[in-house]
Number of protein chains: 2
Amino acid sequence: MTASSWNRNRLTEKLGINYPIIQGPFGGFPSQRLTAAVSNFGGLGSFGALNLVPEEIKDVIAEIRSLTSKPFAMNLWVSMEDEGARTSDESAFNRSLAPLAGHLADLGAPRPIYKTYSPIRFEDQARVLLDAKVPVFSFIFGIPPRDILEECRAKKIFTIGAATTPDEAAALRDAGVEAIAASGFEAGGHRGSFLRPADDSLMGTLSLVPQVVDIVHVPVIAAGGIGDARGVIAAMALGAEAVQLGTAFLTCDESGASRLHRKTLLEKKAGHTALTKGFTGRLARGIRNRLMEDLNAKGSEILPYPLQRGLIRNLSIAAEAAGRADLVPMWAGQSANLSNCTDVSAFLSSLVEEVSEIAGPVAEWSARRRRKHSKG
Amino acid sequence: MTASSWNRNRLTEKLGINYPIIQGPFGGFPSQRLTAAVSNFGGLGSFGALNLVPEEIKDVIAEIRSLTSKPFAMNLWVSMEDEGARTSDESAFNRSLAPLAGHLADLGAPRPIYKTYSPIRFEDQARVLLDAKVPVFSFIFGIPPRDILEECRAKKIFTIGAATTPDEAAALRDAGVEAIAASGFEAGGHRGSFLRPADDSLMGTLSLVPQVVDIVHVPVIAAGGIGDARGVIAAMALGAEAVQLGTAFLTCDESGASRLHRKTLLEKKAGHTALTKGFTGRLARGIRNRLMEDLNAKGSEILPYPLQRGLIRNLSIAAEAAGRADLVPMWAGQSANLSNCTDVSAFLSSLVEEVSEIAGPVAEWSARRRRKHSKG
């Protein structure tokens, strides 16, 4: 490997991409344009399809394919609901509505009406991905059933699983998943933990990545807190063969995030991030705003996932319309302040340029170290 | 800067050390031998003196000086007690004793007796450091009063403050502190937060370090989750000019950790770490064992710092004697599994050798990047 080839390794070869840079999927507000823009640049764009029904996913895949001929990833959540979601009733809905009622009234929004929960099945979503033979199938919150993984292998659909702990990485390895995204707790959005509870699975990227690298033989993708060239080089030093950036892409024009969300992040006035179950029912990182504080307050009852997500959407639609950043879930990772991306191609060009200054020797050192230790 | 001089920068020059590697101070079980061993190797040994009265600190400094002629750091906690420590009474003591009572009985240990709290004052401890003109005065949990920092400058005592957030780094910078340890939440032991509550100041090292580097002009020391050469190189890529390792030194022969503690860490059977206020009253990271679970359980009342620390010591002395690793506070960071140090000099020699393979270009890139961005 020479200094000029830091960007080519076994992972980029298998994926057929030019740079080991992956765009994190955004479950809440994915964007076909963003996915295609990252892939067209030579990275791997991802699309978080978790909220979509099978027919919608089919359309999304067709649209992405109309925007790029390059590989891209479709991302799903293996676990689609929390215990209790199917039995949660109207009185639970009303209790969880309580901390939001004042805000809704302030905004002049109607009181949300309780609706029966209609589940979306992971298996039905996955079927669309398999039938469409998407280039990459990435997932969080668990491991797909064996038959789905076998069909992926048969159809040459590359699989990427997400681990928040070394134990989860070992489980993904044992299931034959082809690459592992080691997701540090700095990351914005959901903690995809599936062995221990998410709040007992919080590891920093700097600590998680090398421990995962030490126990798996497949390529490791570092995710969480990577906002600029420094984070990319650090991830490579830790043994990662690719990086995944999420929040860094949120602010770009191609992103599916709301104008208010993008503006808040770009103005760097949003303060710091924190974890909450309040936005959706599952532990996730966003900006610590008024809404998060109210939901994290003692006595606030949180509905099981995905019911809480549906409940909060009533407020966030009204709050976004009113420009109230304090009352919208503002997804962001801990390094939100490090990047200022408004155009995917410009951002990635500049990132690649800066990374290229030093990445060659670091990638070489890291690869040599991995070889040495896997022999020993 | 050439490839061979990665280990020399403005921080090592000022400190008069050969390698930008700092041993984290251990408040609970410091060791003069360990401090001296790290300094004798050419790093910076540290000694956590927070639990000692001034006369003891004087003796410790004399002993370290008898073991090394090299620079070393004495570490104190600026904030020495939590609100309520002076008014906490015997009934609070008894309530906090409740979750321990069964364990104490099992171990055949006597029921601890309530004692009136006798505070140690930070200012009295700091006086000893100033009078002894220690080479380095490092501190966590706040910023020393202005007159103490001025006396340090006058006496050429180098100061290192600890930040858990960018805001804390800015506050240390504004106070004229000469280097800042950016302490990610991966670190073992206490979270030294002093602006927001510790549990609302949890940032990963990968995210914290570059954000601190961006806002201060003094050297930044990366701390938290660094266990081997990979973490050292990653820290340098993030912009740090030195690293601080704590847990990595816990297992060495020179360490002040108990035999049970060292054995538990070396055997890698300890499971994962978590944060708790239960061990001392302040948020800190250790192995998630039975004791931590009991103390983190709902309904467990935790005394204000340092009263809880005193209470727990009753149990840990008996549990250590009985070899019960599940009932002793087992301080450890998230990368406890990465290192296997039993001899300081051998561990550091091997670390330096591995780091040297790649650190030159990385340090150079990082320094160039800092210069460019500080101009722009």
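Residues numbered from 1 in each chain as written. Chains lettered and ligands numbered in written order. Predicted model: local features only at pLDDT ≥ 70, side-chain atom pairs only at ≥ 80, totals over all residues. Heavy atoms only, no water.

Draft legend 1. Structural detail: the packing of helix H4 (residues 90-106) of chain A against helix H13 (residues 307-321) of chain A. Residue and element names in this part refer to chain A. Put simply, H4 and H13 touch, their axes get as near as 10 Å, and they point 20 degrees apart. Comparing the axis directions of H4 and H13 gives the class roughly parallel. Crossing hand, H4 versus H13: right-handed. Where H4 abuts H13, its residues Phe93, Ser96, Leu97, Leu100, His103 and Leu104 lie against Gln308, Leu311, Ile312, Asn314 and Leu315. Tallied by class, the residues present in the contact of H4 with H13 amount to 7 nonpolar, 4 polar and no charged. (Axes fitted to C-alpha atoms, helices over the stretch in contact; angles between N-to-C directions. Helix = DSSP H or I, 4+ residues; strand = E, 2+ residues; numbered from the N terminus. Parallel < 35°, antiparallel > 145°, perpendicular 65-115°, else oblique. Left-handed = near helix turned anticlockwise from the far one by under 90°. Contact = heavy atoms within 4.5 Å. Nonpolar A, V, L, I, M, F, W, Y, C, P; charged D, E, K, R; others polar.)

Draft legend 2. Quick peek at the sheet that holds strand S3 (residues 72-77) of chain A. Residue and element names in this part refer to chain A. With parallel pairing, the 8 strands of this open sheet are ordered in space as S1-S9-S8-S6-S5-S4-S3-S2. Edge positions in the sheet fall to strand S1 (21-23) and strand S2 (45-48), since each has one partner strand and no second. The mean inter-strand angle of the sheet, taken between neighbouring strand axes irrespective of direction, is 25 degrees. In the sheet, strand S6 (residues 179-183) pairs with strand S8 (residues 220-223) via 4 bridges, with the strands oriented parallel. Along S8, the bridge assignment pairs serine 183 with alanine 223. (Pairing = 2+ DSSP bridges.)

Draft legend 3. Quick peek at the environment of methionine 292 of chain B. Relative to the helices and strands, methionine 292 of chain B resides in helix H12 (residues 290-296). Methionine 292 of chain B has contacts with Ala274, Leu275, Thr276, Phe279, Gly286 and Ile287 of chain B, leaving out every residue within four places of it along the chain.

Draft legend 4. How the structure looks around the interface of chain A and chain B. Counting from both sides, the interface comprises 41 residues of chain A and, opposite them, 41 residues of chain B. For the chain A and chain B pair, buried surface summed over both sides reaches about 3400 Å², with 56% attributable to carbon and sulfur atoms. When residues of chain A are sorted by the area they lose upon contact with chain B, Leu206, Arg230 and Trp365 of chain A head the list and together hold 23% of the total. At the boundary of chain A with chain B, the tally comes to 10 salt bridges. We note a salt bridge from glutamate 354 of chain B to arginine 369 of chain A, for which the minimum N-O separation is 2.7 Å. On inspection of chain A and its partner chain B, the count reaches 23 residue pairs in polar contact (both at pLDDT 80 or more). Mapped by element, the contributors of at least two residues to the side of chain A that touches chain B are helix H8 (205-213), helix H9 (229-237) and helix H15 (359-375) of chain A. (Buried area = accessible area lost by both parts, 1.4 Å probe. Salt bridge = Lys/Arg side-chain N within 4 Å of Asp/Glu carboxyl O. Polar contact = N/O pair within 3.5 Å; in protein donor to acceptor, adjacent residues only side chain to side chain.)

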